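Structural overview for review
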Amino acid sequence: MFFWVNQLIFEAIFSSYILLYLEKKICRTLLTINSKKMKTLKDLFEHQLKDLYNAEGQLIKALPKMAKKATDSKLKKAFEDHLEETKEQKKRIEEICDELGIKPSGETCKAMEGLIKEAEAFIEENPDEDVLNAGLIAEAQRIEHYEISGYGTAIRYAKELGMDKIAKKLVKTLDEEYHADELLNDMAEKRLNKKAISQEQDK
Ligand SMILES: [Fe+2]
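Right, let's walk through the structure included here. Source: prediction; values computed, not measured.

**Observations regarding the packing of helix 4 (residues 110-124) against helix 5 (residues 129-160)**
- Packing of helix 4 against helix 5 brings their axes to within 10 Å, and their N-to-C directions diverge by 175°. Of the possible angle classes, the one that applies to helix 4 and helix 5 is roughly antiparallel. Each of A111, M112, L115, E118, A119 and F122 in helix 4 lies in contact with helix 5, whose residues at this interface are G135, E139, R142, I143 and Y146.
- Partitioned by chemical class, the residues of the contact of helix 4 with helix 5 number seven nonpolar, one polar and three charged.

**A look at helix 3 (residues 73-100)**
- Taking 1.5 Å as the rise per residue, helix 3 with 28 residues should run 40 Å; its terminal C-alpha atoms sit 41 Å apart, in good agreement.
- For helix 3, every residue scored as buried is listed here: L75, A78, F79, H82, T86, Q89, I93 and I96.

**Quick notes on the environment of L49**
- As for its position among the elements, L49 is in helix 2 (residues 41-69).
- Given 24 C-beta atoms within a 10 Å radius, L49 is considered buried.
- For the pair L49 and I93, spaced 44 residues apart in sequence, the C-alpha separation works out to 6.9 Å.
- Leave out the neighbours within four places in its chain, and L49 touches I93, I96, C97, P104 and A154.

**Side note on the nonpolar core**
- Judged by nonpolar contacts, the single largest core of 36 residues is most densely connected at L49, L52, M66, L75, L136, I137 and A154.
- Elements represented by at least two residues in this core include exactly helix 2, helix 3, helix 4, helix 5 and helix 6 (164-202).
- Here this core gets 10 residues from one element, more than from any other, and that element is helix 5.
- Excluding its chain neighbours within four sequence positions, the residues that come into contact with I137 are L75, L184, M187, A188 and L192.

**Comments concerning unusual backbone geometry**
- With a phi close to 55°, N126 is a non-glycine residue in the positive phi region.
- Topologically, N126 is positioned in the loop between helix 4 and helix 5.

**Structural notes on the packing of helix 2 against helix 5**
- Interhelical geometry of helix 2 versus helix 5 gives an angle of 160° and a closest axis separation of 10 Å. Classified by the angle between their axes, helix 2 and helix 5 sit roughly antiparallel to one another. Every pair of crossing elements has a handedness; the one defined by helix 2 and helix 5 is left-handed. Residue-level contacts link L41, L44, F45, Q48, L49, L52, A55, L59, M66 and K69 of helix 2 to L132, L136, A140, I143, E147, G150, Y151, T153, A154, Y157, A158 and E160 of helix 5.

**Some points on the environment of I96**
- With respect to the secondary-structure elements, I96 resides in helix 3.
- Here I96 falls in the buried class, since 25 other C-beta atoms lie within 10 Å of it.
- Along the chain, I96 and K165 lie 69 residues apart, while their C-alpha atoms are 9.3 Å from each other.
- Those residues in contact with I96 that sit more than four places away from it in its chain are L49, I166 and K169.

**With respect to helix 4**
- For helix 4, spanning 15 residues, the distance from its first C-alpha to its last is 21 Å, which sits close to the expected 21 Å at 1.5 Å a residue.
- Taken together, the buried positions of helix 4 are M112, L115, I116 and A119. For helix 4, the angular spread of the buried residues around the axis is 95°, confining them to a single face. Every exposed residue of helix 4 that faces more than 90 degrees away from the buried side is listed here: K110, G114, K117, A121 and E124.
- Those residues of helix 4 that are buried are in contact with helix 2 and helix 5.
- After helix 4 finishes, the residue N126 shows a positive phi value of roughly 55°.

Calculation rules
For every chain, the first residue of the written sequence is number 1, and numbering continues from 1 along that sequence. Note on the predicted model: pLDDT of at least 70 is required for a residue's local features to be given, and 80 or more for side-chain atom pairs to be given and counted; whole-chain, interface and lining totals, by contrast, use all residues. To obtain each axis, a line is fitted to C-alpha atoms, and for helices this fit is confined to the stretch in contact; angles are then taken between N-to-C directions over 0 to 180 degrees. Helix numbers and strand numbers start at the N terminus; a helix is a DSSP run of H or I with at least 4 residues, a strand a run of E with at least 2. In these notes the angle categories are as follows: under 35 degrees is roughly parallel, over 145 is roughly antiparallel, 65 to 115 is roughly perpendicular, and the rest is oblique. Residue pairs qualify as contacts under a 7 Å threshold applied to their C-beta atoms, which are placed from the backbone. Three classes are used: nonpolar for Ala, Val, Leu, Ile, Met, Phe, Trp, Tyr, Cys and Pro, charged for Asp, Glu, Lys and Arg, and polar for all others, with Gly counted as polar. Every helix has an expected span of 1.5 Å times one less than the residues it contains. Note on burial: count the other C-beta atoms lying within 10 Å of the residue's C-beta; 20 or more is buried, 12 or fewer is exposed, in between is partly exposed, and C-beta positions come from the backbone. By convention in this section, buried Ala, Val, Leu, Ile, Met, Phe, Trp, Tyr and Cys residues joined through C-beta atoms within 7 Å make up a nonpolar core. Left-handed describes a crossing whose near helix is turned anticlockwise from the far helix by less than a right angle; the clockwise case is right-handed. Think of it as the arc spanned by the lines of direction from the helix axis to the C-beta atoms.

This is how it looks when you write it as structure tokens:
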């Protein structure tokens with residue numbers, strides 16, 4: 001009797017393992033079928049566009065938090081202005097994807113996820129006011145530099161694929177990213193880094 005019960009338990013555990021394994025295998029197969037393999041530069045271009053689309057979406061959620069935390073009024077305004085620009089940039093990618101006949105969704109930009117997590121971790125450190133403003137600029141510039149790199153690559157691909165109209169749209173976004181970066185640079189160099197230095201001297 002004891003042996004029989006033991007065997008039943010063993011069989012139950014064994015079959016649930018088998019079921020779990022099969023479930024995982026089926027899921028993986030379905031994922032492979034659904035995700036189209038990239039074969040050409042156009043596929044890569046579309047992949048990059050989706051990545052940028054997701055990155056802009058993540059930034060739209062993060063910028064209001066950064067604006068709320070900034071205690072310098074000009075920095076707060078820079079974040080708020082860039083939020084509006086970012087919404088337009090996201091729409092621009094939607095228009096481009098529409099022209100290409102593809103959906104802009106479907107990718108998660110892990111790099112932007114990481115950059116935003118880092119910015120959040122910095123805020124959670126609860127630094128002194130002036131250090132917080134200087135640090136928020138640093139975090140935002142990392143994000144801008146990432147976007148500048150992403151759009152630069154996308155523009156090059158669009159040009160190489162003969163999509164000049166699309167390249168032009170992307171150049172507009174790239175110019176906005178450069179402008180946002182320069183603005184942050186100016187604020188850091190001319191005022192906010194110095195304020196953080198004087199906080200150090202006050203101690
Ligand atoms: Fe952007």
